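Secondary and tertiary structure notes
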Amino acid sequence: MLITLEGLDGSGKTTVWEALQDVYPDATFTCEPTDSWYGEAVSRSMADSEADPLAELFLYTADHANHLSETVRPALADGGLVISDRYSDSRFAYQGATIERSDADVQRPLEYVRGIHSAFSRPPDATVYLDLDPQAAAERAGRTDKFERGGYLTAVRDNYERLIDADPGRFRRVDATRAPEDVIARVEEVVADLVDR
Ligand SMILES: Nc1ncnc2c1ncn2[C@@H]1O[C@H](COP(=O)(O)OP(=O)(O)OP(=O)(O)O)[C@@H](O)[C@H]1O
Ligand SMILES: Cc1cn([C@H]2C[C@H](O)[C@@H](COP(=O)(O)O)O2)c(=O)[nH]c1=O
């Protein structure tokens, strides 16, 4: 089973991802961007405020393709549980917003990014969405790079809401405004329920 953690920067994904490792020691814990050289290329693009939005989308997508073939598909083929801190929905939400706000000649960017993935990707079985307002998210994340400015995160959050509306059965929304221990406890409940199904 593939479970993904999604949400805005600073919503607490990595905090719960680390906590889940104590509960599921045999699971494969992974993330996007990865630490491969594809992920390093993504990091270079993220650090470049002039990066071309379409080029950046394809760097993230290359990293995803490698993540699938090297980590996700083999672990699933072994019957394992895979828990990924960010996955394809991050691309749909973030690059959908980036391209929308750029001068790239792309109609319906979110659908365009989804279409690129549909040919090769493997959708999550379930996605835990850590729901936090953009201002709190930007504050928690320290507004350290071009992705963490309030207006941009509002567009990203709108895209996450569109993804949830389009596939409500896959998403489990968790209130990420609560204290870390409460968020962790709720996510643990949600994941236990998913794994026991
Ligand atoms: N529920 C919470 N309440 C308050 N602060 C939190 C909560 N969860 C995490 N934090 C803090 O917010 C910051 C970001 O948390 P974390 O790295 O887990 O988020 P993230 O969603 O993985 O962020 P990013 O996407 O930017 O990597 C950290 O300083 C963390 O300690
Ligand atoms: C996978 C992915 C990530 N991003 C953005 C979101 C964050 O601002 C950064 C790094 O993520 P992290 O959780 O802090 O490691 O990258 C993105 O725009 N598109 C993606 O597909």
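So, how was this worked out
Residues numbered from 1 in each chain as written. Chains lettered and ligands numbered in written order. Predicted model: local features only at pLDDT ≥ 70, side-chain atom pairs only at ≥ 80, totals over all residues. Heavy atoms only, no water. UniProt positions renumbered as here; feature names shortened; annotations may be inferred. Core = buried A, V, L, I, M, F, W, Y, C linked by side-chain atoms within 4.5 Å. Buried < 20%, exposed > 50% of the residue type's maximum accessible area, 1.4 Å probe, protein only. Contact = heavy atoms within 4.5 Å. Axes fitted to C-alpha atoms, helices over the stretch in contact; angles between N-to-C directions. Helix = DSSP H or I, 4+ residues; strand = E, 2+ residues; numbered from the N terminus. Parallel < 35°, antiparallel > 145°, perpendicular 65-115°, else oblique. Left-handed = near helix turned anticlockwise from the far one by under 90°. Nonpolar A, V, L, I, M, F, W, Y, C, P; charged D, E, K, R; others polar. Near = heavy atom within 4 Å. Polar contact = N/O pair within 3.5 Å; in protein donor to acceptor, adjacent residues only side chain to side chain. Areas by Shrake-Rupley, 256 points an atom, 1.4 Å probe, with all protein chains shown as cover. Salt bridge = Lys/Arg side-chain N within 4 Å of Asp/Glu carboxyl O.

Per an unreviewed UniProt entry, the protein chain goes by the name Probable thymidylate kinase and belongs to Halorubrum ejinorense. Within the UniProt record for the protein chain, the comment given under Sequence similarities (unreviewed entry) is "Belongs to the thymidylate kinase family." UniProt annotates the protein chain under Catalytic activity (unreviewed entry) with the comment "dTMP + ATP = dTDP + ADP".

Ile83, Tyr94, Val128, Leu130, Val156, Tyr160 and Val187 are the most contacted members of the largest nonpolar core, which totals 43 residues. For valine 187, the residues in contact, after removing those within four places along its chain, are Val16, Leu20, Val128, Leu130 and Val174. Judged by nonpolar contacts, the second largest core, of 7 residues, contains Leu2, Val72, Ala75 and Val82.

So, on to the packing of helix H4 (residues 88-100) against helix H5 (residues 109-118). The interhelical angle for the contact between H4 and H5, taken along N-to-C directions, is 140°, at an axis separation of 8 Å. Taken as axis vectors, H4 and H5 run oblique relative to one another. Here H4 runs over H5; the crossing is right-handed. Contacts between H4 and H5 involve Ser88, Arg91, Phe92, Gly96, Ile99 and Glu100 on the former and, on the latter, Pro109, Leu110, Val113, Arg114 and His117. Partitioned by chemical class, the residues of the contact of H4 with H5 number 5 nonpolar, 3 polar and 3 charged.

Moving on, we get to the site of ligand 2. Taken together, the neighbourhood of ligand 2 is formed by 11 residues, with Asp9, Arg86, Arg91, Tyr94 and Gln95 sitting nearest. One nitrogen or oxygen atom from the side chain of glutamine 95 is found 2.7 Å from a nitrogen atom belonging to ligand 2. In isolation ligand 2 offers 470 Å² of accessible surface; the protein chains occlude 83% of this area. With 4 residues, the single largest contributor to the shell around ligand 2 is H4. Grouping the constituent residues of the shell around ligand 2 by class yields 5 nonpolar, 2 polar and 4 charged.

Opposite charge on two side chains makes pairing possible when the charged atoms of those side chains draw close. Throughout the structure, instances matching the rule amount to 12 salt bridges. As a salt-bridge pair, arginine 122 and aspartate 125 come within 3.1 Å of each other at their nearest N and O atoms. Since its relative accessible area comes to 22%, arginine 122 is described here as partly exposed. A salt bridge links arginine 186 to glutamate 189, with the shortest nitrogen-to-oxygen separation between them at 2.5 Å. Here the residue arginine 186 and the residue glutamate 189 both occupy positions in helix H8 (residues 180-196), the gap between them amounting to 3 residues, near one helical turn. Overall, the relative accessible area of 49% leaves glutamate 189 in the partly exposed class. Salt bridges here are not isolated pairs; linked through shared partners, they connect Asp131, Arg157, Glu161 and Arg173.

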